[in-house]
Amino acid sequence: MTALVVIEGIVIVLLLVLVAGLLRSHADILRRLEALGAGDDVQLSPGRPNSIASTPQRTEPASLASVSGPTPFGDTASVALTDSRGFVLLAFLSSGCSTCQTFWKSFRNGMDLPRANIRPVIVTQGPESESPSEIRARAPMDITTVMSNEAWDAFRVPGTPYFQLVDVERGVVVGEGSAGTWPRLMDLIARSTGDEAFNPVKLGTRQRQEDSDQALRDAGIDPGDPSMYRRNA
Amino acid sequence: MILTGAGITVDLPAGWEGSIRPPATLPDGAQRHSVTHLANFPLPAVRGEYGSGAVDVMSNGDALIVLLEFGPESAGTALFGNSRPPFLRASDFSRDMLQQRVEGHGGTQRFFTEAGRAFCLYVVVGDYIDRVEVLESINHILSRVTIG
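Residues numbered from 1 in each chain as written. Chains lettered and ligands numbered in written order. Predicted model: local features only at pLDDT ≥ 70, side-chain atom pairs only at ≥ 80, totals over all residues. Heavy atoms only, no water.

*Asks:* Can you help me understand the overall build of chain B in this one?
*Replies:* Secondary structure summary: chain B contains 1 helix and 10 strands in total. Helices and strands in chain B line up, N terminus first, as β-β-β-β-β-β-β-β-β-α-β. A globule of 148 residues ought to have a C-alpha radius of gyration of about 15 Å, and chain B, at 15 Å, matches this closely. For chain B, the C-alpha atoms occupy an extent of roughly 40 × 30 × 30 Å along the three principal directions. (Helix = DSSP H or I, 4+ residues; strand = E, 2+ residues; numbered from the N terminus. Rg over C-alpha atoms; globule rule 2.2 N^0.38 Å.)

*Asks:* Just to check I follow, could you spell out helix 5 (residues 182–192) of chain A for this structure?
*Replies:* Since the α-helix turns once every 3.6 residues, residues separated by three or four places project in the same direction. Looking at helix 5 of chain A, one finds that the buried residues are Trp182, Leu185, Met186, Leu188, Ile189 and Ser192 of chain A. Buried residues of helix 5 of chain A fall within an arc of 155 degrees about the axis and therefore sit on the same side. (Buried < 20%, exposed > 50% of the residue type's maximum accessible area, 1.4 Å probe, protein only. Arc of directions from axis to C-beta.)

*Asks:* Sorry, what's going on with the interface of chain A and chain B here?
*Replies:* By a frequent convention, interface size equals the accessible area lost on bringing the separate parts together. Opposite the 26 residues of chain A that make contact, chain B presents 31 residues. Buried surface at the junction of chain A and chain B, both sides included, amounts to about 2,100 Å², of which 45% is carbon and sulfur. Counting across the interface, chain A meets chain B through 2 salt bridges. Of the charged contacts in the structure, one is a salt bridge between Asp62 of chain B and Arg85 of chain A, with a shortest N-O distance of 2.9 Å. If you look at where chain A meets chain B, you find 9 residue pairs in polar contact (both at pLDDT 80 or more). Among the elements of the structure, strand 3 (66–70), strand 4 (76–80) and helix 6 (205–218) of chain A are those that each provide at least two residues to the side of chain A that touches chain B. At 5 residues, the largest contribution of residues to the side of chain A that touches chain B is made by strand 4 of chain A. Its residues assigned to classes, the side of chain A that touches chain B shows 6 nonpolar, 11 polar and 9 charged. Bridge count for strand 4 of chain A against strand 3 (residues 17–21) of chain B is 3 bridges, and the pairing is antiparallel. Among the inter-strand pairings, Ala77 of chain A is bridged to a residue of strand 3 of chain B, identified as Ser19 of chain B. (Contact = heavy atoms within 4.5 Å. Buried area = accessible area lost by both parts, 1.4 Å probe. Salt bridge = Lys/Arg side-chain N within 4 Å of Asp/Glu carboxyl O. Polar contact = N/O pair within 3.5 Å; in protein donor to acceptor, adjacent residues only side chain to side chain. Nonpolar A, V, L, I, M, F, W, Y, C, P; charged D, E, K, R; others polar. Pairing = 2+ DSSP bridges.)

*Asks:* I keep staring at the packing of aromatic side chains and nothing clicks. Help me out?
*Replies:* Two numbers describe a pair of aromatic rings. These are the distance of the centres and the angle of the planes. Residue and element names in this part refer to chain A. Taken as a whole and judged by the stated rule, the model has 10 aromatic pairs over all chains. Between the aromatic rings of Phe92 and Trp152, the centroid separation amounts to 6.0 Å while the plane-to-plane angle is 85 degrees, which identifies the pairing as edge-to-face. In this pair, Phe92 sits in strand 5 (residues 87–92) while Trp152 sits in helix 4 (residues 149–154), placing the two residues 60 residues apart along the sequence. Pair check on accessibility: Phe92 and Trp152 agree, each one buried. Here Phe107 and Trp182 contribute two aromatic rings whose centre-to-centre distance is 5.3 Å and whose plane-to-plane angle is 80 degrees, an arrangement assigned as edge-to-face. Of this pair, Phe107 sits in helix 2 (residues 98–108) while Trp182 sits in helix 5, and the two are 75 residues apart along the sequence. Classification of Phe107 as buried rests on a relative accessible area of 3%. (Phe/Tyr/Trp six-rings, centres within 6.5 Å; stacked < 30°, edge-to-face > 60°.)

*Asks:* Please clarify how the sheet that holds strand 7 (residues 63–70) of chain B should be interpreted in this entry.
*Replies:* Each strand in a sheet pairs with its neighbour through backbone hydrogen bonds, running either in the same direction (parallel) or in the opposite one (antiparallel). Ordered in space as 3(A)-4(A)-3(B)-6(B)-7(B)-9(B)-8(B), the 7 strands form an open sheet in which the pairing is antiparallel. Looking at strand neighbours, the two that pair on one side only are strand 3 of chain A together with strand 8 (106–114) of chain B, the edges of this open sheet. Going across the sheet, the axis of each strand differs from the next one's by a mean of 10 degrees, ignoring polarity. Here strand 3 of chain B pairs with strand 6 (residues 35–39) of chain B via 5 bridges, running antiparallel. Bridge pairing in strand 6 of chain B places Glu17 of chain B opposite Ala39 of chain B. Seen against the sheet, helix 1 (residues 132–142) of chain B touches strand 6, strand 7 and strand 9 (117–125) of chain B and runs at an angle of roughly 35 degrees to strand 7 of chain B. (Axes fitted to C-alpha atoms, helices over the stretch in contact; angles between N-to-C directions.)

*Asks:* For this particular structure, what's the right way to read the sheet that holds strand 2 (residues 8–11) of chain B?
*Replies:* Residue and element names in this part refer to chain B. Pairing is antiparallel across the open sheet formed by 3 strands, whose spatial order is 1-2-10. Of all the strands in the sheet, the pair left with one neighbour each is strand 1 (2–5) and strand 10 (145–147). Averaged over all pairs of adjacent strands, the angle between strand axes in this sheet comes to 10 degrees, irrespective of strand direction. In this structure, strand 2 lies alongside strand 10, joined through 3 bridges in antiparallel fashion. By the bridge assignment for strand 10, Thr9 is matched with Thr146.

*Asks:* For this particular structure, what's the right way to read a nonpolar patch on the surface?
*Replies:* Taken together, the side chains of Ile7, Val11, Leu15, Leu18 and Leu22 of chain A define a hydrophobic patch exposed on the protein surface, amounting to about 470 Å² of accessible area. Relative to the helices and strands, Leu18 of chain A is located in helix 1 (residues 2–35). (Patch = residues over 30% accessible without salt bridge, like charges linked within 9 Å, V, L, I, M, F, W, Y side chains within 5 Å. Areas by Shrake-Rupley, 256 points an atom, 1.4 Å probe, with all protein chains shown as cover.)

*Asks:* Please explain unusual backbone geometry as it appears in this structure.
*Replies:* Generally, phi is negative for residues other than glycine and the peptide bonds are trans, each holding for most cases. In this structure, Pro161 of chain A follows Thr160 of chain A across a cis peptide bond, with omega equal to -5 degrees. With respect to the secondary-structure elements, Pro161 of chain A resides in the loop between strand 8 (159–160) and strand 9 (162–167). Even without glycine at this site, Asp83 of chain A takes up a positive phi of about 55 degrees. Examined against the element boundaries, Asp83 of chain A turns out to sit in the loop between strand 4 and strand 5. Despite not being glycine, Ala115 of chain B shows a phi value in the positive range, around 55 degrees.

*Asks:* What is the right way to look at the pattern of salt bridges in this model?
*Replies:* Should their charged atoms come close, side chains of opposite charge can pair. Under the counting rule described, the total for this entry stands at 11 salt bridges over all chains. The shortest N-O distance in the salt bridge between Arg170 of chain A and Asp167 of chain A comes to 2.7 Å. The class for Arg170 of chain A is partly exposed, based on a relative accessible area of 47%. The class for Asp167 of chain A is buried, based on a relative accessible area of 0%. Here Glu49 of chain B and Arg21 of chain B are joined by a salt bridge, their closest N and O atoms 3.0 Å apart. Here Glu49 of chain B is found in the loop between strand 6 and strand 7, whereas its partner Arg21 of chain B is found in strand 3, with 28 residues between them in sequence. Among the residues examined, Glu49 of chain B registers a relative accessible area of 36% and is labelled partly exposed.

This is the structure:
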């Protein structure tokens, strides 16, 4: 009887050790997955490095001078990534990834970006890898969507969703990474672009006129105000 | 970067972007012809054929080049009887030659036939007074357009 109790005790201790080992192993796996962004439901492409942590304040030359390719609506488009103005937010999305659906929907709903001079451009894989009709069903009409395997290769897209923020005037990538939600993307952009990284927003003619008119109205000067026609004697 | 579509090829230098919309038959049976937009500023995704939507965001130093194709029945007719202008001059531009009048802008319009296809070349500059500064760049782009 005593022998049975001792044996049972040893088995219980061994089981406890086994359970503790399994728990530790699971915790380690979860930590590694978290580091990979798996909490964001990121879909890694096979054969890519296991690191997609965001790298704000990066300033590497953009891999391409422009992103070009067919759009899901049948046009051919090219978007400049150097020697122009503002920022381009390259959003690498796919039709099949579940996390991407959040961003397709957010872009369709016209979610605001932190600054007016950040232009979102959606980049999917080319028609040889993605179905244009599937992309057409998701792509917003008011955001340029380009289907380009070349861009995916040049920017070494590790999985979707994946984002790169390009300072187009300087032609450099100022931030890149993955995000599982719109707020996390906004956080990535905010960390990638300190205020000092932003150049002043270059306004269009109409916006400048509206701003000038508003400034005059604020100063109490309406159209036809005599002060605008006063001449020095 | 080579932009190609609808038999039109443009070798775009850095800083320029564009799009080529191919011809298509619309649901009502009407024929839509190709539209090419080239610009040295960020082009909004939604634009009218003559660049409405894009001209609203133009600023000093900006240029928009539109190549609007017309039906084959127009090719070689009186309006489209000329060949493509090899280059544009400052005197070709006017504040009154705009599809959408925007204060400060200037534009020019030329009709021509090339490769049996009828086109309207419509160019807008964001700053009419200083248009000379961007004219060389516009002519450089026009020299890199091939119509097949």
